[in-house]
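Remarks on the overall topology
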Amino acid sequence: MKNEDYDIKIFSPVKKIDETEAQVVADEMKKQIISGNTQKAKDLGKRIGETFPEAAAKEELWNMAGCCGVELDRSIKDQAIILSVFTAEYCLNTYMPFKILSTTAVSTFYDTLISDAPDLYNNLLSSAAFSFYYIDARNDNVNSESIGKTFAMLCGNKESEELICYGKSVFETSLETYKAELNKVDFAK
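Residues numbered from 1 in each chain as written. Predicted model: local features only at pLDDT ≥ 70, side-chain atom pairs only at ≥ 80, totals over all residues. Heavy atoms only, no water.

On to the overall build of the chain. A count of helical and extended segments in the chain gives 9 helices and 0 strands. Along the chain, from the amino end to the carboxyl end, the secondary structure elements read α-α-α-α-α-α-α-α-α. Summing over all exposed atoms, the chain offers an accessible surface of approximately 11,600 Å²; the carbon and sulfur share of this is 53%. (Helix = DSSP H or I, 4+ residues; strand = E, 2+ residues; numbered from the N terminus. Areas by Shrake-Rupley, 256 points an atom, 1.4 Å probe, with all protein chains shown as cover.)

Okay, here's the thing in structure tokens:
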């Protein structure tokens, strides 16, 4: 019997978290809790999450659609809300002063959505939209034009200038709104 090496698997060792690294994370968490930043991040995530149950009724969505020449139907409106939720998550992950706080705010944001708008949350879970938007957002300087094109594609007409315009508008308006909310919070340094 001849021994072949083709079936030998070489495994990389699993990176263990260094005790020092774990201590640094624990110390940072403790610092954020003591400073009150953790509670502020939770409050911010909750405040942003509470805006979504009534998002379907917001005239702002209708007005933006009209300005872009889009005839708003249920599926386009759902995509606009999904884009707005993505934008909230993107904003919290990108602009929060500390990663631990962004994780806290995003977690509370989704807890609020689950509690206040379970249908919306389930719609998010069944959608592949976030994957496409995260491809667009892979760098720190998101291009709203590419977000608009992805939005149009998700709406079923990737060539529609009206849908591209609407996607850009939803993203840019939502991002400014969430950044303004974040800027109202006085996080301790």
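That shown, we press on.
A general trend in soluble globular proteins is that nonpolar side chains are found buried together. Judged by nonpolar contacts, the single largest core of 49 residues is most densely connected at Phe52, Val85, Phe86, Leu92, Met96, Phe109 and Tyr166. Elements with a minimum of two residues in this core: α2 (37–49), α3 (59–68), α4 (74–95), α5 (99–116), α6 (118–125), α7 (129–136), α8 (144–154) and α9 (161–183). For this core, the element with the highest residue contribution is α4, accounting for 11 residues. Apart from the residues lying within four places of it in its own chain, the contact partners of Phe52 are Ile81, Ser84, Val85, Ala88, Phe109, Leu113, Leu120 and Tyr178. (Core = buried A, V, L, I, M, F, W, Y, C linked by side-chain atoms within 4.5 Å. Buried < 20%, exposed > 50% of the residue type's maximum accessible area, 1.4 Å probe, protein only. Contact = heavy atoms within 4.5 Å.)

A few words on α9. Across its 23 residues, α9 extends 32 Å between first and last C-alpha, which sits within 8% of the 33 Å expected from 1.5 Å per residue. What α9 keeps buried is the set Leu163, Ile164, Tyr166, Gly167, Ser169, Val170, Phe171, Ser174, Leu175, Tyr178, Glu181 and Leu182. Along its buried surface, α9 packs onto α2, α3, α4 and α8. (Expected span 1.5 Å × (residues − 1).)

Remark: α4 packs on α7, axes separated minimally by 10 Å, with the N-to-C direction vectors making an angle of 50°. Between α4 and α7, the crossing angle belongs to the class labelled oblique. Once α4 is placed against α7, the crossing between them reads as right-handed. Packed against α4, whose contacting residues are Gln79, Ile82, Leu83, Val85, Phe86, Glu89, Tyr90 and Asn93, the element α7 presents Ala129, Phe130, Tyr133 and Tyr134 at the interface. When the residues that make up the contact of α4 with α7 are grouped by side-chain class, the tally is 9 nonpolar, 2 polar and 1 charged. (Axes fitted to C-alpha atoms, helices over the stretch in contact; angles between N-to-C directions. Parallel < 35°, antiparallel > 145°, perpendicular 65-115°, else oblique. Left-handed = near helix turned anticlockwise from the far one by under 90°. Nonpolar A, V, L, I, M, F, W, Y, C, P; charged D, E, K, R; others polar.)

Attention now goes to the packing of α4 against α8. Running from N to C, α4 and α8 cross one another at 145°; their axes reach a closest spacing of 10 Å. In this structure, the crossing between α4 and α8 has a hand that is right-handed. Of the residues in α8, those in contact with Ile76, Gln79, Ala80, Leu83 and Phe86 of α4 are Ile147, Phe151 and Leu154. A class-by-class count of the residues in the contact of α4 with α8 yields 7 nonpolar, 1 polar and no charged.

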